[in-house]
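What follows is each chain in one-letter form.
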Amino acid sequence: MSLAGSLDHPRPQPHVHYRDATGANMRFDEAASRREWFEQRLAPLMDRLYGTALRLTRNPADAEDIVAEAVTKAWTQLDRLRDAQCFEGWLFHILTNTFVSEWRRRRCRPQPGGDDATEPSELDSASFTLFQQLHQPFLLWWGSLEDQFFNGLLQEDLERALDALPDAYRVTIVLVEVQGYTYEEVARLLGVPLGTVRSRLNRARCRLQKALWEHAREAGMVYHEGDGGTQR
Amino acid sequence: MSPRALSCEEVIERLFDYLDRELDPQQAADIEWHLQRCHDCFTRAEFERRLRDRVAATGTVKAPPRLQQRIRTLLDRFDESGTRQ
């Protein structure tokens, strides 16, 4: 694999497109065709809608509520959708707004037994990178520790690490890395300055990577032959 | 648009902005130009991209059948009441 060749698509594609497309009308001759049209487009998105809601809320019941509410809003506002091609991005934007409204409402109330609603700050290890822990400047005969790490990393490990992040960090990283929002869009959605989005994202990544590193060591996912571990 | 030579420190500093598509085309081209020539930075970029892809994949989880049913029921109710807006 050449370096140039593998860089053809180095950046992830955002999942959200045409988010603000509203205002014109799609007409349906009969209610049945409208329902059929809606359900045909909704069905392939359900796992991503639910998964995104689950990452945002951390709670299956809350995720189901958010998805059901977003789908209901989309159905009742379908006449406002300008372009059928925009349906997916439009629906995900409704989902996000539904979550953010509920999240803000809950943050105004005292959180039982937790400090998740506060702005996380001083406990962060902002300089930690997983890559620095794993990367060896030479080839190991059994392969690279990076590959070993990714091969051993299960989706549930990652979900657990994401869910363990403080609310403000988790929501920011999910909006950017799962949903593909720009930093400016996240700032607008959450009503915080752009700098806050950047710092939350940076801290979220550091915490996430540190948690994954600790998990990898505890689970024996990375093993450096001869010294019982990879810690330097 | 000719790429500007960046140091490894500059590239690593902007790496997440690059992966998050936050850079303008000139800045992105500068990063890409460096990554095509620097194995260390390329390796780091590839690692962060792989991890980012794995995080993105956590946004897809099989929707429970009861949610699918709940949505069908909601749409049925709208149909029955003839309510759209």
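Just so you know, these numbers come straight off a predicted model, no measurement behind them. Counting of residues starts from 1 at the beginning of each chain's written sequence and follows it residue by residue. By the order in which they are written, chains take letters starting at A while ligands take numbers starting at 1. It should be noted that, the model being predicted, local features are given only for residues of pLDDT at least 70 and side-chain atom pairs only at 80 or more, the latter also being counted only at that level, while totals for whole chains, interfaces and linings use all residues. Hydrogen atoms and water are omitted, and side-chain values are computed over all heavy atoms in the structure.

K.L.:
Outline the overall build of chain B, supporting the account with residue identities and numerical values.
P.N.:
In this text, helices come from DSSP runs of H or I with a minimum length of four residues, and strands from runs of E with a minimum of two, each type numbered from the N-terminal end. In terms of regular secondary structure, chain B is built from four helices and zero strands. What you see in chain B, going N to C, is helices and strands ordered as α-α-α-α. When each of the 85 residues of chain B is scored for burial, the buried share is 44%. A separation threshold of at least 6 residues defines the contact pool for chain B, and within that pool the share at least 24 residues apart is 61%. All accessibility values rest on the Shrake-Rupley procedure with a 1.4 Å probe; residue burial counts only the protein chains present in the view. Approximately 4600 Å² of chain B is accessible, and the part contributed by carbon and sulfur atoms is 49%. Partly exposed residues are those whose accessible area sits between 20% and 50% of the maximum for their type, while under 20% is buried and over 50% is exposed, using a 1.4 Å probe and protein chains only. Contacts: residue pairs with any heavy atoms within 4.5 Å of one another.

K.L.:
Requested: an account of the nonpolar core, with residues and values cited.
P.N.:
In plain words, nonpolar cores are sets of buried Ala, Val, Leu, Ile, Met, Phe, Trp, Tyr and Cys residues tied together by side-chain atoms within 4.5 Å. In terms of nonpolar packing, the biggest core is built from 73 residues, with A:Phe38, A:Leu49, A:Val67, A:Phe87, A:Phe149 and A:Leu212 touching the most fellow members. For this core, the element with the most residues is helix α5 (residues 87-107) of chain A, which contributes nine residues. For every domain, the bounds stem from an assignment made automatically or drawn from a database. Counting contributing residues per domain, this core is built from domain 1 (13-107) and domain 2 (130-218) of chain A, each supplying no fewer than three. In contact with A:Val67, other than residues within four places in its own chain, are A:Met46, A:Leu49, A:Tyr50, A:Ala53, A:Leu95, B:Leu67 and B:Ile71. In this structure, B:Leu19, B:Leu23, B:Ala28 and B:Ala45 belong to the second largest nonpolar core, which totals 12 residues.

K.L.:
Give a description of the interface of chain B and chain A that names residues and reports values.
P.N.:
Across the boundary between the two partners, chain B contributes 47 residues, which contact 62 residues of chain A. Values labelled buried area give the accessible surface lost by two parts on being combined, using a 1.4 Å probe and summing over both. Between chain B and chain A lies a buried interface of about 5300 Å² when both sides are counted; carbon and sulfur atoms form 59% of it. Salt bridge, as applied in this entry: a Lys or Arg side-chain nitrogen positioned within 4 Å of an Asp or Glu carboxyl oxygen. At the boundary of chain B and chain A, one finds seven salt bridges. Of the charged contacts in the structure, one is a salt bridge between A:Arg205 and B:Asp20, with a shortest N-O distance of 2.9 Å. The definition of a polar contact used here is a pair of N or O atoms within 3.5 Å, where within protein one atom must be able to donate a hydrogen and the other to accept one, and adjacent residues in sequence count solely through side-chain atom pairs. On the surface where chain B and chain A come into contact, there are 20 residue pairs in polar contact (both at pLDDT 80 or more). Mapped by element, the contributors of at least two residues to the side of chain B that touches chain A are α1 (8-19), α2 (25-35), α3 (39-57) and α4 (65-81) of chain B. Looking at the side of chain B that touches chain A element by element, the count peaks at 15 residues for α3(B). Broken down by class, the residue content of the side of chain B that touches chain A amounts to 19 nonpolar, eight polar and 20 charged. Under this grouping Gly is polar, as are all residues other than the nonpolar Ala, Val, Leu, Ile, Met, Phe, Trp, Tyr, Cys and Pro and the charged Asp, Glu, Lys and Arg.

K.L.:
Describe the UniProt feature "domain: Putative zinc-finger" (unreviewed entry) in chain B, listing the residues and the values that go with them.
P.N.:
UniProt positions are given in the numbering used here, feature names are shortened, and annotations may be inferred rather than shown by experiment. Under the UniProt annotation, "domain: Putative zinc-finger" (unreviewed entry) lies at residues 8-41 of chain B. Helix makes up 76% of residues 8-41 of chain B and strand 0%, whereas the separation of the span's terminal C-alpha atoms amounts to 7 Å.

K.L.:
I'd like to hear about the packing of aromatic side chains, residue by residue, with values.
P.N.:
Aromatic rings in a pair are described by how distant their centres are and how their planes are angled relative to each other. Pairing of aromatic rings covers Phe, Tyr and Trp, the last through its six-membered ring, and needs centres within 6.5 Å; plane angles under 30 degrees mean stacked, over 60 mean edge-to-face, and all others mean tilted. Scanning the entire structure with this criterion turns up nine aromatic pairs over all chains. Ring centres of A:Phe150 and B:Phe47 lie 5.2 Å apart, and the angle between their planes is 55 degrees; this geometry places the pair in the tilted category. Within this pair, whereas A:Phe150 is found in helix α7 (residues 145-152), its partner B:Phe47 is found in helix α3, the two belonging to separate chains. Both residues of the pair, A:Phe150 and B:Phe47, belong to the buried class. Taken together, A:Trp37, A:Phe38, A:Trp75, A:Phe87 and A:Trp90 form an aromatic cluster joined through their ring pairs. Geometrically, a charge over a ring is one whose NZ (Lys) or CZ (Arg) sits within 6 Å of the ring centre while staying within 35 degrees of the ring normal. Just above the ring of A:Trp75 sits the side chain of A:Arg34; from NZ or CZ to the centre is 4.5 Å.

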